[in-house]
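Listed below, chain by chain, are the residues.
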Amino acid sequence: MTIQNKNVFITGSTRGIGLAIAHQFASLGANVVLNGRSQVAPEILESFQAYPGQAIAITGDISQAEEAKRMVDEAIERLGSVDILVNNAGITNDKLVLKMTEEDFESVLKVNLTGAFNMTQSVLKPMTRARQGVIINISSVVGLTGNVGQANYAASKAGLIGFTKSVAREVAARGIRVNAIAPGFIASYMTDVIPEKMQKAIVANIPMKRIGKAEEVATVATFLAEQDYLTGQVIAIDGGMTMQS
């Protein structure tokens, strides 16, 4: 798929990896939909003015099915289509399982996994009619390996991988491709709160001995959008953390 002039909806794209993905697509000539649960700051929209395409903001809660459908319908009304969906929005609520409440567990799955389902289901009908489309799900290496204190987050991201592979099988014959990215330790607002001592311990376990950049994840997203014969795959961008011998 040629990215230029395509319409890309990126959930959770007001900061971090989501915002970097939006900038990467926009730099290649795509029109982008910026999304968050609260209003997108004017300065964020202004940062897209130098690109050739449009950048619009659509706010809403992806964990609510009716909100997801409303947002997709609005994007189609304003841009004409949603050609590429990036399910990036996610939250954490880290606790050991012994201290984790049912709400702690379900609230993370509701956004990270059910939210991706809601958005995917909303775009699939128009994509099926067009017989083309790309869906990219942002998972995590903890969905592949697990992590102490993140049973809820890891479960949501592992579920997203299974969801990716299942949907890819369902829609491949209709010209729709579905892939996932599993970022490792990437510099972002989520990692900024990790104590420095813990960050050093994490970096020591990364073969490349450095933290990744959001922009590096973004280049994988555009790569997946462009590759017409690639579907049902999970690309780990993690500095070698999950490589297999």
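Calculation rules
- Residues numbered from 1 in each chain as written.
- Predicted model: local features only at pLDDT ≥ 70, side-chain atom pairs only at ≥ 80, totals over all residues.
- Heavy atoms only, no water.
- Pairing = 2+ DSSP bridges.
- Helix = DSSP H or I, 4+ residues; strand = E, 2+ residues; numbered from the N terminus.
- Axes fitted to C-alpha atoms, helices over the stretch in contact; angles between N-to-C directions.
- UniProt positions renumbered as here; feature names shortened; annotations may be inferred.
- Contact = heavy atoms within 4.5 Å.
- Parallel < 35°, antiparallel > 145°, perpendicular 65-115°, else oblique.
- Left-handed = near helix turned anticlockwise from the far one by under 90°.
- Nonpolar A, V, L, I, M, F, W, Y, C, P; charged D, E, K, R; others polar.

1. Quick notes on the sheet that holds strand β3 (residues 55–59)
- Judged by pairing direction, the sheet is parallel, and its seven strands sit side by side in the order β3-β2-β1-β4-β5-β6-β7 without closing on themselves. Each edge of the open sheet carries a strand with a single partner, namely β3 and β7 (234–237). Put simply, the sheet's adjacent strands are angled 20 degrees from each other on average, direction ignored.
- Examined bridge by bridge, strand β5 (residues 133–138) and strand β6 (residues 176–183) share six bridges and lie parallel to one another. The residue bridging V134 from the neighbouring strand is R177, located in β6.

2. Notes on the UniProt feature "active site" (unreviewed entry) in the protein
- In the numbering adopted here, UniProt assigns the feature "active site" (unreviewed entry) to Y153.
- If you trace the backbone, Y153 turns up in helix α6 (residues 151–171).
- Among all residues touching Y153, those that are not within four sequence positions of it are I91, T92, V108, N112, S140 and V142.

3. What about the environment of V217?
- You can see V217 is positioned in helix α9 (residues 214–226).
- For the pair V217 and I186, spaced 31 residues apart in sequence, the C-alpha to C-alpha distance is 8.5 Å.
- Beyond its immediate sequence surroundings of up to four residues, V217 is in contact with I17, I181, P183, I186 and I237.

4. Considerations on the packing of helix α1 (residues 16–27) against α9
- As a packed pair, α1 and α9 sit with axes 8 Å apart at the nearest point and diverge in direction by 50 degrees. The angle between α1 and α9 falls in the class oblique. Where α1 crosses over α9, the two elements pack in a sense that is right-handed. Where α1 approaches α9, its residues G16, I17, A20, I21, Q24 and F25 are matched on the opposing element by A214, E215, V217, A218, T219, A221, T222 and A225.
- Here the residues of the contact of α1 with α9 are counted per class, giving nine nonpolar, four polar and one charged.

5. Focus: the side chain of T11
- Structurally, T11 is set in the loop between β1 (7–10) and α1.
- When near neighbours in sequence (up to four residues on either side) are disregarded, T11 contacts N35, I62, L85, V86, N87, N88, A89 and M119.

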